[in-house]
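Tertiary structure, described
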Amino acid sequence: MTPRILEVRKGVLKKNDELAAELRARFRAAGVFTVNLVSSPGAGKTLLLERTLAALADEGARPAALVGDPETDNDARRLARSGVPVRQIQTHGVCHLEAAMVGNNLAQWDLAGFDYLFIENVGNLVCTTSYDLGEALRVVFLAVTEGEDKPLKYPGLFNSADAAVVSKCDLAAACEFDRDAARTNLHAVRPGLPILETSGKTGTGMSEWLAYLRDRRRAFLESGKAW
Amino acid sequence: MHELSIARNVVEIATEALRDAGGGTVSVVRVRVGVLAGVAPEALTFCYEIAIRGTPLEGSQLLVEVAPVVLHCPTCDRDAQPPDICHLECPVCGTATADVRGGRELEVESIEVI
């Protein structure tokens, strides 16, 4: 018997994409600029975010953060020291955040009371690629300790990012980090990608990073897009 | 490793399509996976075997079509495939571009029903 071929043509992540679109509309309506931070585990997301939350709060902005990890609320406790609203999402083994997890963890939060919402994703350079969280900006981290060729090894995620943060720059000399090679590789997989060089430890690059966020937030408030 | 949850989504979508078609036995499920989608075809095929157990799709085969990166070159004003996934530039004129038109697909294309 000849099989019948039935066209389906449906996105495998359609449900996630629909939820993400709803979240994006909510963030836009509330005027909250949402940033999805992605990287491998241990690239320095939490430290930079800790400093970012404190700095933004100091200048009178109202940031908040969601932080995803397979287990523990260690990062949420660290980030909460900045005094801003923070919630931990424990994924219990799941290697990435999904739009539903973000949506569920916004309950009882008045989004209109925030200017910025940072979502620190689970440390993973593959699985986080496909899941839209409704963010306005996706920022990928590349720590100088990781090697300059990380973008070539994980082109999918680096290509999906709107900006790159080169982190742990205080360790660049000790790691013999080849800055030019890293920049070339980032631009090979994502031509034109804005690159911010930072150190959460020393504060190097913080003012540029904060200025970049303010600038993108302004663009987002004006046009609904960070670009 | 998120291919198991992706495989479960594939099973859910294909099962719905089968129900809409009035039932039958599914022999093949075709999916299209872009090389930038963050999904490994081998891992997805492996997880599919696990995900179909005890479902109406048990016994079916997953066929993965890998979709290449397609760029739109602003200089040549046409779509083209870059030389490789790590160098997003026009193969004709060498212009680097982030205008990706293909390679991020993650879709159930069709099912074959006997």
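Each chain has its residues counted from 1, following the order in which its sequence is written. Whichever chain is written first becomes A and whichever ligand is written first becomes 1, with later ones labelled in order. Whole-chain, interface and lining totals are the exception, using all residues; otherwise, since this is a predicted model, local features are given only for residues with pLDDT of at least 70 and side-chain atom pairs are given and counted only at 80 or more.

In this section: the overall build of chain B. Helix and strand counts for chain B stand at 2 helices and 6 strands. Only DSSP runs of H or I covering at least 4 residues are called helices, and only runs of E covering at least 2 are called strands; the numbering of each starts at the N terminus. Secondary structure of chain B in N-to-C order comes out as α-β-α-β-β-β-β-β. Here the C-alpha atoms of chain B give a radius of gyration of 17 Å, more than 25% beyond the 13 Å that 2.2 N^0.38 yields for 114 residues. By its C-alpha atoms, chain B is 50 × 30 × 15 Å across when sized along the principal axes. Burial analysis of chain B (114 residues in total) assigns 36% to the buried set. Long-range pairs, those at least 24 residues apart, make up 67% of the contacts in chain B with a sequence separation of at least 6. For the radius of gyration, the atoms used are the C-alpha atoms, and the globule rule reads 2.2 Å times the number of residues raised to 0.38. Note on burial: count the other C-beta atoms lying within 10 Å of the residue's C-beta; 20 or more is buried, 12 or fewer is exposed, in between is partly exposed, and C-beta positions come from the backbone. By the convention adopted here, residues make contact when the C-beta atoms placed from their backbones lie within 7 Å.

At the junction of the two partners, chain A supplies 29 residues and chain B supplies 32 residues. Mapped onto the side of chain A that touches chain B, the elements with two or more residues apiece are β1 (4-11), α6 (155-160) and α7 (179-189) of chain A. The element best represented in the side of chain A that touches chain B is β1(A), accounting for 8 residues. Residue type decides the class: Asp, Glu, Lys and Arg count as charged, Ala, Val, Leu, Ile, Met, Phe, Trp, Tyr, Cys and Pro as nonpolar, and the leftover types, Gly among them, as polar. Classifying every residue of the side of chain A that touches chain B by side-chain character gives 16 nonpolar, 8 polar and 5 charged. Paired strands are those between which DSSP finds at least two bridges. Pairing between β1(A) and strand β6 (residues 106-113) of chain B: 6 bridges, direction antiparallel. If you follow A:Arg4 over to β6(B), its bridge partner there is B:Val113.

On to the packing of helix α1 (residues 3-20) of chain B against helix α2 (residues 41-51) of chain B. All names here are of chain B. Only the stretch in contact is used when a helix axis is fitted, and all axes are lines through C-alpha atoms; the angle between N-to-C directions ranges over 0 to 180 degrees. Where α1 meets α2, the axes come as close as 8 Å, and the angle between the chain directions of the two elements is 60°. Compared by their axis directions, α1 and α2 come out oblique. Note that α1 runs across α2; the crossing there is right-handed. Between α1 and α2, the contacting residues are Glu-3, Leu-4, Ile-6, Ala-7, Arg-8, Val-10 and Val-11 on the first element and Ala-43, Leu-44, Cys-47, Tyr-48, Ile-50 and Ala-51 on the second. Of the residues that constitute the contact of α1 with α2, the class distribution is 11 nonpolar, no polar and 2 charged. Angle categories are assigned with fixed cut-offs, so that under 35 degrees is roughly parallel, over 145 is roughly antiparallel, 65 to 115 is roughly perpendicular, and the rest are oblique. Each helix crossing is assigned a hand: it is left-handed if the near helix lies turned anticlockwise from the far helix by less than a right angle, otherwise right-handed if that turn is clockwise.

With mixed pairing, 4 strands are arranged side by side in an open sheet as β1(A)-β6(B)-β1(B)-β2(B). Each edge of the open sheet is held by one strand with a lone partner, namely β1 of chain A together with β2 (61-67) of chain B. The sheet shows a mean angle of 20° between the axes of neighbouring strands, taken without regard to direction. Bridge count between strand β1 (residues 26-34) of chain B and β2(B): 7 bridges; the pairing is parallel. Looking across to β2(B), one finds that B:Gly34 is bridged to B:Ala67. Across the face of the sheet, α1(B) comes into contact with β1 of chain A together with β1 and β6 of chain B while running at roughly 45° to β6(B).

For A:Gly156, the position within the fold is in helix α6. For the pair A:Gly156 and A:Arg190, spaced 34 residues apart in the sequence, the C-alpha separation amounts to 9.5 Å. For A:Gly156, the contacting residues outside a window of four places in its chain are A:Thr129, B:Leu36, B:Ala37 and B:Gly38.

So, on to helix α1 (residues 14-30) of chain A. Residues and elements named next belong to chain A. For α1, with 17 residues, the first-to-last C-alpha span of 24 Å sits near the 24 Å given by 1.5 Å per residue. Considered for burial, the residues of α1 that qualify are Asn-16, Leu-19, Ala-20, Leu-23 and Phe-27. All buried residues of α1 fall inside an arc of 105° around its axis, so they share one side. Among the exposed residues of α1, those pointing more than 90 degrees away from its buried face are Ala-25 and Ala-29. Buried positions along α1 lie against β2 (33-38), α4 (99-104) and β5 (116-120). Downstream of α1 by one or two residues, Gly-31 has phi in the positive range, about 70°. One less than the number of residues in a helix, times 1.5 Å, gives the span that helix is expected to have. Starting at the helix axis, one direction is taken to each C-beta atom, and the arc is that of these directions.

On a scale of 0 to 100, pLDDT captures the predictor's confidence in every residue. Put simply, chain B has an average pLDDT of 96, and 100% of its residues get 70 or more. Across the whole predicted complex the pTM is 0.94, and at the interface the ipTM reaches 0.90.

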